[in-house]
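# A look at the structure
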Amino acid sequence: MVGKAVLKILSMLSGEFESKVLADGFKRVLIKQMGRPFPSRQLSNLLREMPVQKKRSFSLFMNIPIRQNTNHPFPDDKFVTLVRVKMKSQSDKAKFIQGMINIVIDIYGDIEQLSASNYLLNEEEKTKEFGPWHYYWGLRLFPIESDAIEKRLTDLEALLPDASSHDEKIHDINVIRINPNQWTKESKENSLVSKERELRQKAEQEAARLKSQVRLLEKNNDRLRQEKEVLFVEKNQRDKKLKDTEELLGLERKKTHSLERVKIELQYEIKKLERSVKHLVENEKKLLKKFEEEMKALREEMSVPDLQMTDMVEKLIVALNIDVDTYFAQLRSGQASRQDQAIFRKKVKDYFDLIESLEAYLSLVAVPALIPLPDETALETVQSETIDSQNEFQQHLKERPTVENQETPERFLGTFYRKDHGGYIACENNEIFNITESMVNSIGLEHEAEVECEPFRRGDGSTQYNIRLLFQGDDAYAPITRYMGYVELREHFSYYCVDINNSNNRFPIYEKDVEIQQPKDGDPCLFNVAIDGEYARLSKIYKQPSVGSASKDLKVKEKSIRTTTSRKNELTKQEAFLQGCKIVIVGGLEKWFETVVKETGAELYHENGDRPERIHPKLRRADALFLLQTATSHDATWSCIEIAKEYNVPHFKIEGSKSNLRKLLWDNRDKIRNEAIRSA
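The rules behind the values
- Residues numbered from 1 in each chain as written.
- Predicted model: local features only at pLDDT ≥ 70, side-chain atom pairs only at ≥ 80, totals over all residues.
- Heavy atoms only, no water.
- Helix = DSSP H or I, 4+ residues; strand = E, 2+ residues; numbered from the N terminus.
- Buried < 20%, exposed > 50% of the residue type's maximum accessible area, 1.4 Å probe, protein only.
- Contact = heavy atoms within 4.5 Å.
- Areas by Shrake-Rupley, 256 points an atom, 1.4 Å probe, with all protein chains shown as cover.
- Axes fitted to C-alpha atoms, helices over the stretch in contact; angles between N-to-C directions.
- Parallel < 35°, antiparallel > 145°, perpendicular 65-115°, else oblique.
- Left-handed = near helix turned anticlockwise from the far one by under 90°.
- Nonpolar A, V, L, I, M, F, W, Y, C, P; charged D, E, K, R; others polar.
- Salt bridge = Lys/Arg side-chain N within 4 Å of Asp/Glu carboxyl O.
- Expected span 1.5 Å × (residues − 1).
- Pairing = 2+ DSSP bridges.
- Core = buried A, V, L, I, M, F, W, Y, C linked by side-chain atoms within 4.5 Å.
- Patch = residues over 30% accessible without salt bridge, like charges linked within 9 Å, V, L, I, M, F, W, Y side chains within 5 Å.
- Lys, Arg positive; Asp, Glu negative; His and termini not counted.
- Charge placed at Lys NZ, Arg CZ, Asp CG, Glu CD.
- pLDDT = per-residue confidence, 0-100.

Time to look at the overall build of the chain. Counting secondary structure elements, the chain contains 23 helices and 14 strands. Every one of the 680 residues in the chain was classed for burial, and the buried ones make up 34%. A sequence separation of at least 24 residues applies to 64% of the contacts in the chain between residues at least 6 apart. Total accessible area on the chain is roughly 44200 Å²; 53% of this is exposed by carbon and sulfur atoms.

Another aspect to go through is the packing of helix α3 (residues 40-49) against helix α9 (residues 132-140). Remark: α3 packs on α9, axes separated minimally by 8 Å, with the N-to-C direction vectors making an angle of 130°. When the interaxial angle is binned, α3 and α9 end up oblique. With respect to the hand of their crossing, α3 and α9 are arranged in left-handed fashion. Counting all contacts with α3, which are made through R41, Q42, L43, N45, L46 and E49, the residues of α9 involved are P132, W133, H134, Y136 and W137. Tallied by class, the residues present in the contact of α3 with α9 amount to six nonpolar, three polar and two charged.

Here the structure, examined in full by the defined rule, presents 27 salt bridges. For D222, the salt bridge identified is with R225, shortest N-O distance 2.8 Å. In this pair, D222 and R225 both sit in helix α12 (residues 180-302), three residues apart, roughly one turn of the helix. Salt-bridge contacts for E613 lead to R611; the nearest nitrogen and oxygen are separated by 3.5 Å. Salt bridges here are not isolated pairs; linked through shared partners, they connect R411, E452, E454 and R468.

Moving on to helix α21 (residues 634-646). In this model, α21 (13 residues) spans 18 Å end to end at C-alpha, consistent with the 18 Å of a helix rising 1.5 Å per residue. Of the positions making up α21, those classed as buried are A636, T637, S639, C640, I641, I643 and A644. Tucked inside the fold, the buried residues of α21 contact β11 (582-586), α20 (616-620), β13 (624-627) and β14 (651-653). In the segment just after α21, N648 is the residue with positive phi, at about 55°.

Here we come to the sheet that holds strand β5 (residues 463-471). Sheet strands pair via backbone hydrogen bonds, and the direction of the pair is either parallel or antiparallel. With antiparallel pairing, five strands are arranged side by side in an open sheet as β3-β2-β1-β4-β5. Each of the sheet's edge strands pairs with one partner strand only, and the pair in question is β3 (432-435) and β5. The average angle at which neighbouring strand axes cross in this sheet is 35°, direction not considered. For strand β1 (residues 412-418) and strand β4 (residues 450-457), the ladder comprises four bridges, and the chain directions are antiparallel. Following the sheet pairing, G414 is matched in β4 by V451. Each of β1, β4 and β5 is contacted by helix α19 (residues 590-600), which is oriented at about 60° to β5, the strand it contacts most.

Turning next to the nonpolar core. Membership of the largest hydrophobic core comes to 41 residues, with the highest contact counts inside it found for F79, F96, M100, Y108, Y119, W137 and L141. When contributions to this core are tallied by element, the ones reaching two or more residues are α2 (20-34), α3, α5 (76-86), α6 (90-104), α7 (116-121), α9 and α10 (147-159). By residue number, the principal contributor to this core is α6, which donates seven residues. Not counting the four nearest positions on each side in its chain, F79 is found in contact with L47, F58, S59, I64, I66 and F74.

As summarised here, the arrangement of the five strands in space is β8-β7-β6-β9-β10, forming an open sheet in which the pairing is antiparallel. The open sheet has two edge strands with one neighbour each: β8 (506-508) and β10 (537-541). Strand-to-strand twist of the sheet, defined as the mean angle between neighbouring strand axes without regard to direction, takes the value 40°. Taken together, the four bridges between strand β9 (residues 524-530) and β10 define a ladder with antiparallel strand orientation.

This part takes up the packing of α3 against α5. The interhelical angle for the contact between α3 and α5, taken along N-to-C directions, is 135°, at an axis separation of 10 Å. In terms of axis orientation, α3 runs oblique to α5. Our pair here, α3 against α5, has a crossing hand that is right-handed. Facing α3, whose interface residues are S40, L43, S44, L47 and R48, α5 presents D76, D77, F79, V80, V83 and R84. Its residues assigned to classes, the contact of α3 with α5 comprises five nonpolar, two polar and four charged.

On the surface, a cluster of positive charge is made up of K271, K272, R275 and R457. If you tally residues by element for the positive patch, the top one is α12, at three residues. In this structure, R275 sits in helix α12. Overall, the relative accessible area of 45% leaves R275 in the partly exposed class.

Attention now goes to unusual backbone geometry. Positive phi, normally seen in glycine, also occurs at N430, with a value near 70°. Among the residues examined, N430 registers a relative accessible area of 69% and is labelled exposed. Despite not being glycine, E448 shows a phi value in the positive range, around 65°. Tracing the chain through its elements places E448 in the loop between α16 (437-443) and β4. With relative accessibility at 21%, the residue E448 sits in the partly exposed group.

Further remarks concern the confidence of the model for the chain. Per-residue pLDDT for the chain has a mean of 77; in total, 79% of the residues score no lower than 70. Overall, residues 396-407 carries pLDDT values under 50, and its contacts beyond four positions in sequence, including any with other chains, amount to seven contacts. Across residues 545-550, confidence stays below pLDDT 50; counting only partners more than four residues off in sequence or on other chains, it has three contacts.

Positionally, A336 belongs in the loop between α13 (306-333) and α14 (338-364). Exposure remark for A336: the relative accessible area of 13% places this residue in the buried category. Filtering out sequence-adjacent residues up to four positions away, A336 remains in contact with Q341 and F344.

Here you go:
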C-alpha cells in the first residue's frame, strides 16, 4: 500500500516535469526504490563525492540535525547512520528518494531529450564531470526502463571502488597538527565506523555473490526442468511399450490357460478310458467264467436221456409260468418302484421268449399231443422251486435301499468353466467332467458359476451328476463370444453362422454340429465362437418359431447377448478402481467373491453368516458392506446393517451372481472411494 506521503511526493514529481513520460518514469523509480532495501555503501560513496555545501543542503532537506565544525570534515558515517534510522519510516524513505533525484538530476542534462543510449555513450564525460558514484546513482534512478541500463548498473556496482574525499585528507592532516588528542578520539570512532563499513561492504559483496549463485541455480533448474520433460516423454513411451507388452502377455496367458485346460481334459479322458478298459476286462472275465459254467451245464444236460430231458423241459415251462404269474402279481399290486417294474417287464418278456423256445423244442421231439400232468412229487418239487424263487425275489426287494433307509448321497462343490460348446466343471475333490451345451442352456450356467454336484451310478455302471446352481457367474469373462444370428447356406453346401447385428461377423459351422442339428438356410440361432477361433458352434436353433414363446425367447437371448457384449467392452476400460478400499461380504463362500473383488484392487473380508460377530470389528473400519441374502440368516443381516448404519458404511444387496456384484462395485465406486478417503 502506498502511503499519503508517497502520494504527495508523486504529485510533486508530476508537477516538476513537463513531459508526462518522464514524470511517470520518476514515479515508477520512486515506487521501485520503495520496495528495495536501503543501499548503505552506495549512499556513503555518493556523499563522499558530494561537495560539503550539497551535503548540508541534503541534511536540511531530510531534517537531519548535523553539527559540523569548520575545522572538521563532514561526518559522512554519522550522516549515513542517521539516514538509515530515518529509512524505517515510509514517508522519510520516500522523501530520501526524492532528495536523491534532486541530487542526480543535473547529470541527465536536458531532461526532455533524455535517452538510455545517449546517457551510456556519455559515461566517461559525465564520470569526469560529476564523479563515478554520481553516474552510478544516475543509472539507479534512471526514469526510462532499459535492459542496457540495468546491466551497466550491475557491472558498476561490482567494479566501482569506495570514494574518498580530498578535502577530508587535508582536513585530517590539519586536525592532527592542531589537536592530536581530539584526532585520536575521533580516529577511534572513525576506525569503528570504518570496520562497520567494511563488514557491511563484505555483507553486500556476499549478497551479490549469493545473487549470482541464485541466478546460476535458476539456470540449472531450467535445464533440469527441460531434462525432466524429456524424461517424462520417454517415460510415457516406455509405459506405452510396457502396456503393449502386458497385453501380449495376457494373450499368451490365455492361450496357455486354454492349452492347460485341453491338457486336463485329455488327462481326464485318458483316466476315463483306462477305467472303461479295466471295466471291460473285468466283464470279459465274468462272461468267460459264465460261458464256461454254461458249457459245463450243457454238457451235463446232453448226457441226460431224451425222456428225462423232455420231463425236465415240461417242468421248467411250468416253473416259468409260475414265475410269470408272480411278476404279474407284483406289477398289479403297484408297490414296486418304476425301476423295479421295468425289470419285471423285461423278465416277463424274457421268460415268454424262453417258453416259446422250449415249446418249439418239444414240438421237434416226438412227444404225445397232450402233455400229461406232473405227479404230486413233481408238483411239490416245482412248488418248492417256485417258493424258493419267490423268497429270493422278496429278499432282493428287502435288500434294495428305500428312500427312508438309504444314506444321504455325497455332494461336491465345483466351478463351471465355459467353452465354445458346453463346458466343464472342476469339483473341489479334483474331479473334472464335461457337460453339454444343452445342459448349459437348460440350467442357465455362465462362466465361473458356483455349483453343487451330486454323483449317482447309472444302470450301465457310468456316473452321472445332478447339478444345482448356487451362485451365478459372468459370461463377460468367458473365453468365447456369443452371437445372435441366423444360418446361411452358401456355395458347395457350406453352412455359415452370421451375426444379426453385423453381417461381417460370418463364421463356418463346425461339421459335427451340421451333422447332428441339421440346420437349414435362414434358421435363427444362437452360436458361440472361441476367442481367436475360426468356427461357430451351434448353441441352439429356433426352427419355425411361433409368434409367442420363440420370438420372446429370441428377444431375451438377444438382450442378454448385448448386455454381455457391452460388459466385455467395459472390461478393457476398468482398472483397479478401488485400490486401498476394504470390502466386507456376508454370506456364501469366500472363493465365490475373491476373484471379483481382487479385480478392483480392494481388500476382501468375508463371513459366511453363521457367526456374524466375528466380522463386526472389521466392518466398523470397512468402506462398504455387501449381503448375499439368499445365503445369510436374518440375525446376521440385521446385526451387520445396524453396525453399517452406525458407522456410515454404505451397504448393498447381491442378487445372486458375480456379474451383479461387479456392477454394484462399478456403479458405486465413487461412494466407496469417498468413504475410504473419509475413514483415512
